[in-house]
Amino acid sequence: MHPIHDHDPLFLLAVGLAAKRRPAELVEIVAAIDFLQIKVPLEQRFVDSLARLGVVGLLVGDAAGVALSPAGMALFQALPKQEDGEARVYAAKQALVDYVPGAEQAPVVVELAAVSEAIAAHRAAAASRAKNLLVPKPKAAETSKARPGQRQRKPMPARRKR
């Protein structure tokens, strides 16, 4: 039985969301945590969680970034996708409890200063006026204008006088 800390499931989910096609950079991991609508943990917990998940064989890291290992990808794909952030983190924690690690792997080494820079960069981007493309567009209020290309209704003819 390996110890499971409170932030480990959050980082497993965040790396899974951020590293879909390529290894995720630290800023992308912070953005994924923010996307889950959960407060970003302190820098030291960030470094410790990534190292722990790397040791048990769920994450791999290199100069390009951090990604899920094949075991981590299998665990991530088994999680529910239609839940909110808190429910997904709880499901990830249950999956980590059931996970049996193999041989000890190399930890994912992340610099504390790099994590601080990534969190500061994400906060600066959130404070800017740039649009976040992950947020769904608000629906426009219905207008009575006719849309082009649609059939228009003809007005009713006036009543005849008798």
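Structure report, in brief. (Residues numbered from 1 in each chain as written. Predicted model: local features only at pLDDT ≥ 70, side-chain atom pairs only at ≥ 80, totals over all residues. Heavy atoms only, no water.)

### Considering the overall build of the chain
Here comes step 1: When helices and strands are counted, the chain shows six helices and two strands.
Here comes step 2: Along the chain, from the amino end to the carboxyl end, the secondary structure elements read α-α-α-β-β-α-α-α.
Here comes step 3: Considering the chain as a whole, with its 162 residues, one finds that 33% of them fall into the buried category.
Here comes step 4: Long-range contacts, defined here as pairs at least 24 residues apart, represent 69% of the contacts in the chain between residues at least 6 apart.
Here comes step 5: Here the chain has roughly 12000 Å² of accessible surface; of this, 55% comes from carbon and sulfur atoms. (Helix = DSSP H or I, 4+ residues; strand = E, 2+ residues; numbered from the N terminus. Buried < 20%, exposed > 50% of the residue type's maximum accessible area, 1.4 Å probe, protein only. Contact = heavy atoms within 4.5 Å. Areas by Shrake-Rupley, 256 points an atom, 1.4 Å probe, with all protein chains shown as cover.)

### Here's the deal with the pattern of salt bridges
Here comes step 1: One pass over the full model with this rule turns up three salt bridges.
Here comes step 2: For Asp-6, the salt bridge identified is with Lys-93, shortest N-O distance 3.3 Å. In this pair, Asp-6 sits in the segment before helix H1 (8–18) while Lys-93 sits in helix H5 (residues 85–98), placing the two residues 87 residues apart along the sequence.
Here comes step 3: With a relative accessible area of 28%, Lys-93 lands in the partly exposed category.
Here comes step 4: Between Arg-52 and Asp-8 there is a salt bridge, and its shortest N-O distance comes to 3.0 Å. Within this pair, whereas Arg-52 is found in helix H3 (residues 43–55), its partner Asp-8 is found in helix H1, the two being separated by 44 residues in sequence.
Here comes step 5: A relative accessible area of 25% places Arg-52 in the partly exposed class.
Here comes step 6: Residue classification places Asp-8 among the buried residues on the basis of a relative accessible area of 3%. (Salt bridge = Lys/Arg side-chain N within 4 Å of Asp/Glu carboxyl O.)

### Section: the environment of Pro-41
Here comes step 1: Here Pro-41 is to be found in the loop between helix H2 (26–35) and H3.
Here comes step 2: Beyond its immediate stretch of four places on either side in the chain, Pro-41 contacts His-7, Leu-10, Phe-11, Ile-33 and Ile-119.

### Digging into the nonpolar core
Here comes step 1: Counting 40 residues, the largest nonpolar core has Val-15, Leu-26, Ile-29, Ile-33, Phe-46, Leu-50 and Leu-59 as its most contacted members.
Here comes step 2: When residues of this core are assigned to their parent elements, the largest contribution, six residues, is made by H1.
Here comes step 3: Among residues more than four places away in sequence, those in contact with Ile-29 are Phe-11, Ala-14, Val-15, Ala-18, Ala-24, Phe-46 and Val-66. (Core = buried A, V, L, I, M, F, W, Y, C linked by side-chain atoms within 4.5 Å.)

### Details of the packing of H1 against H3
Here comes step 1: Contact geometry for H1 and H3: axes closest at 9 Å, N-to-C directions at 80°. The angle between H1 and H3 places the two elements in the roughly perpendicular class. Touching Asp-8, Phe-11, Leu-12 and Val-15 of H1 are Arg-45, Phe-46, Ser-49, Leu-50, Arg-52 and Leu-53, all from H3.
Here comes step 2: Partitioned by chemical class, the residues of the contact of H1 with H3 number six nonpolar, one polar and three charged. (Axes fitted to C-alpha atoms, helices over the stretch in contact; angles between N-to-C directions. Parallel < 35°, antiparallel > 145°, perpendicular 65-115°, else oblique. Nonpolar A, V, L, I, M, F, W, Y, C, P; charged D, E, K, R; others polar.)

### Observations concerning the pairing of strand S2 (residues 65–68)
Here comes step 1: Residues of S2 alternate between two faces, with Gly-65 and Ala-67 on one and Val-66 and Leu-68 on the opposite face, all of them buried.
Here comes step 2: Remark: two residues form the turn of the hairpin made by strand S1 (residues 59–62) and S2, two consecutive strands paired antiparallel. (Pairing = 2+ DSSP bridges.)

### Digging into helix H4 (residues 70–77)
Here comes step 1: Those residues of H4 not exposed but buried are Gly-72, Leu-75 and Phe-76. Along H4, the residues classed as buried sweep out an arc of 100° about the axis, all on the same side. Exposed positions of H4 whose direction lies more than 90 degrees from the buried face are Pro-70 and Gln-77.
Here comes step 2: For H4, the elements touching its buried residues are H1, S2 and H5. (Arc of directions from axis to C-beta.)

### Considering the side chain of His-122
Here comes step 1: As for its placement among the helices and strands, His-122 is situated in helix H6 (residues 112–127).
Here comes step 2: A distance of 3.1 Å separates polar atoms of two side chains, one belonging to His-122 and the other to Asp-34.
Here comes step 3: Not counting residues within four places of it along the chain, the set of residues in contact with His-122 comprises Val-30, Ala-31 and Asp-34. (Polar contact = N/O pair within 3.5 Å; in protein donor to acceptor, adjacent residues only side chain to side chain.)

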